[in-house]
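The primary structure of each chain is shown beneath.
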Amino acid sequence: MAGSIKAVRGTRDLLPPETETWNFVEAAVRDVFRVYNFKEIRTPVFEDTQLFTRGVGEETDIVAKEMFTWEDRARAQSEKTQSLTLRPENTAGVVRAYIEHNLGEKGLLQRFYYIGPQFRRERPQKGRYRQFYQIGAEVIGPTSAGSESPAVDAEILEMLAALLGRLGIQNWTLNLNSVGCANDRPRYLEALRAALKDVVHTMCADCQRRVVTNPLRVLDCKVPADQPIIEKLPRMSDYLDESCRAHFAAVQTILTSLGVPFVVDHRLVRGLDYYTRTAFEFTHGALGAQNAILGGGRYDGLSESLGGPPAPGIGFAIGEDRLVMTLQETAGAATRPADVYIAPLGAGMNVHAALLSRELRRAGVIVTLGDESFKLKKSLETAHKLGARYALIVGENEVGSGQFALKNLGTGEQVKVARDEIADRVKVSS
Ligand code: HAM
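Conventions and cut-offs
Residues numbered from 1 in each chain as written. Predicted model: local features only at pLDDT ≥ 70, side-chain atom pairs only at ≥ 80, totals over all residues. Heavy atoms only, no water. Helix = DSSP H or I, 4+ residues; strand = E, 2+ residues; numbered from the N terminus. Rg over C-alpha atoms; globule rule 2.2 N^0.38 Å. Buried < 20%, exposed > 50% of the residue type's maximum accessible area, 1.4 Å probe, protein only. Lys, Arg positive; Asp, Glu negative; His and termini not counted. Charge placed at Lys NZ, Arg CZ, Asp CG, Glu CD. Pairing = 2+ DSSP bridges. Axes fitted to C-alpha atoms, helices over the stretch in contact; angles between N-to-C directions. Contact = heavy atoms within 4.5 Å. Arc of directions from axis to C-beta. Near = heavy atom within 4 Å. Polar contact = N/O pair within 3.5 Å; in protein donor to acceptor, adjacent residues only side chain to side chain. Areas by Shrake-Rupley, 256 points an atom, 1.4 Å probe, with all protein chains shown as cover. Patch = residues over 30% accessible without salt bridge, like charges linked within 9 Å, V, L, I, M, F, W, Y side chains within 5 Å. Salt bridge = Lys/Arg side-chain N within 4 Å of Asp/Glu carboxyl O. Phe/Tyr/Trp six-rings, centres within 6.5 Å; stacked < 30°, edge-to-face > 60°.

This part covers the overall build of the protein chain. Scanning the protein chain for helices and strands turns up 15 helices and 16 strands. Its C-alpha atoms give the protein chain a radius of gyration of 28 Å, more than 25% over the compact-globule value 22 Å for 430 residues. Projected onto its principal axes, the C-alpha coordinates of the protein chain cover approximately 90 × 60 × 50 Å. Sorting the 430 residues of the protein chain into buried and exposed places 49% on the buried side. Placing the 53 positive and 53 negative side-chain charges of the protein chain at their respective mean positions leaves the two points 4 Å apart.

This is the structure we're talking about:
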């Protein structure tokens, strides 16, 4: 016999009842996005590879090591092959769509959200998958629409606090930093390189590579032996120019007024090159090593680097897998079992059971329709196994009299209920 085929390493099936938690999360976040006036955007899951090399940055781990990229075959001799990539993140795709559809032309801020799969060829472990899901949002627009304002940064962060609160997630930490801009970053990188020059040979192999390719990422190193060296390195905050300094101060002032707690982490640099000014991550203790539940920041130059008009922006992406895991480990997210299991007594009752199911479902009752071939005992056992709260028995007597036997599977109590009172009965006591 041929061997069975399994899901590819780093991918997984999401099965009931866990998918109920995913649905709960998605419904709650859509509600929050609605009141903050964010609208959904759906971009393709694969894009031209250049979007990510130019957008996310050639020297980032994501682009250098983790993309699923392939050469798309030409279908005709006149066609060229094209390098395509499964999206490792969605900000570049959203900004591409913003540029492609000229969404800045009305001079307004665009406020988008998205929910969908992303793909990175990372080493799989708890909380880290090769296909994972992000819930993200982006605010982008011309400067004249206020897209650079620190008020937008604060609004995004306050929305995130509200969103996590809505899901019942507490004890998160918001780590905040400013990574400067094109004006002050070169001076900082120069200072960083100079400070690292004499010590880098004592640091880990990754740091030695990063000094050459992407020195900011040295600050992100977690190797214990490197920590004393990193602590003594120059800090971005000492190199911010006047406008970046004022911007960062304003973000903090608004957050403090709104009562959103944060920690300034001068070592917070993100794994994508497009960030400018505000950068942030929310972490949660329940997650273990992969403790970042979400990350984001400003990307004031991204549109221009993708060939678009000046369009400062800011956004975030929540790792939905990690968000669900946090819920499971903290609140033990509840799922809603079926309200009623309908047990038809014999083949002649199938049509009546189907009609009754339809009536109840229309009234919003969650119904599992049983099988006529079961004897009553087996039906009740199945209803128990499914976790249904009631069993409704549909036999000739019931149909004839219009009075149905409704068994409460929690208490074992059984009562006769008139057909048009069943829905209220099971809902009232829910
Ligand atoms: P990111 O930090 O690369 O940012 O990813 C955001 C979140 O996605 C992470 O905090 C984590 O929760 C989740 N995540 C990342 N990789 C994996 C993985 N392999 N398995 C499970 N979860 C993962 C971005 O992607 C930016 N586009 C965020 C952003 C939006 N910045 C501005 N706008």
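Across the sheet, which stays open at both edges, the five strands sit in the order β13-β12-β14-β15-β16 with mixed pairing between neighbours. In the strand order of this sheet, the two ends are held by β13 (367–369) and β16 (414–418), each with one partner. In this sheet, adjacent strand axes meet at a mean angle of 30° when their direction is disregarded. Pairing geometry for strand β12 (residues 340–344) and strand β14 (residues 390–394), over five bridges, is parallel. Opposite Val-340, over in β14, you have Tyr-390 as the bridge partner. Its contacts with the sheet put helix α13 (residues 376–386) on β12, β13, β14 and β15 (403–408), and the angle it makes with β12 is roughly 165°.

Buried within helix α7 (residues 205–213) we find Cys-207, Arg-210 and Val-211. One face of α7 carries all of its buried residues, which in axial projection span an arc of 105°. In α7, the exposed residues that point more than 90 degrees away from the buried face are Ala-205 and Val-212. As for α7, its buried residues are in contact with α3 (61–65) and α6 (185–197).

Around the ligand lies a shell of 27 residues, among which Glu-89, Glu-122, Tyr-129, Arg-270 and Tyr-275 are the nearest. In the model, an oxygen atom of the ligand is placed 2.9 Å from a nitrogen or oxygen of the Arg-120 side chain. Look at the ligand: alone it shows 660 Å² of surface, and the protein chains cover 95% of it. When contributions to the shell around the ligand are tallied by element, the ones reaching two or more residues are β6 (131–140), β10 (292–298) and β11 (313–319).

This paragraph deals with the sheet that holds strand β2 (residues 46–48). The strand order across the open sheet formed by three strands is β2-β4-β3, and the pairing between neighbours is antiparallel. Every interior strand has two partners, whereas the edge strands, β2 and β3 (69–72), have only one. Averaged over all pairs of adjacent strands, the angle between their axes in this sheet comes to 35°, without regard to strand direction. Where β3 meets strand β4 (residues 82–86), four bridges bridge the pair, whose relative direction is antiparallel. By the bridge assignment, Glu-71 is partnered in β4 with Ser-83.

With respect to the secondary-structure elements, Arg-270 resides in the loop between β8 (263–264) and β9 (276–284). Residue Arg-270 is classed as buried on the basis of its relative accessible area, which comes to 16%. There is a polar contact of 2.9 Å between the side chain of Arg-270 and the side chain of Glu-281. Beyond its immediate stretch of four places on either side in the chain, Arg-270 contacts Arg-217, Tyr-275, Ala-279, Phe-280, Glu-281, Gly-295 and Gly-296.

Glancing now at a nonpolar patch on the surface. Together, Val-45, Phe-46 and Trp-70 line one region of the surface with nonpolar side chains, adding up to about 250 Å² of accessible area. As for its position among the elements, Phe-46 is in strand β2. Residue classification places Phe-46 among the partly exposed residues on the basis of a relative accessible area of 42%.

All right, on to the packing of aromatic side chains then. Evaluated as defined, the whole model comprises eight aromatic pairs. Relative to Tyr-133, the ring of Trp-22 lies with its centre 5.5 Å away and its plane at 80°, an arrangement referred to as edge-to-face. Of this pair, Trp-22 sits in helix α1 (residues 18–35) while Tyr-133 is found in strand β6, placing the two residues 111 residues apart along the sequence. Measuring from ring centre to ring centre gives 5.1 Å for Trp-172 and Phe-282, while their planes differ by 50°; the resulting arrangement is tilted. Separated by 110 residues along the polypeptide, Trp-172 in strand β7 (residues 172–178) and Phe-282 in strand β9 bring together distant segments of the chain.

What follows is about the environment of Ile-293. Relative to the helices and strands, Ile-293 is located in strand β10. Along the primary structure Ile-293 and Ser-237 are separated by 56 residues, whereas in three dimensions their C-alpha atoms are 25 Å apart.

Let us now look at the pairing of β7. Among the seven residues that make up β7, six are buried, leaving the element largely enclosed by the rest of the structure. Across seven bridges, β7 lies against β9 in antiparallel orientation. Counterpart to Asn-177 in the pairing with β9 is Ala-279.

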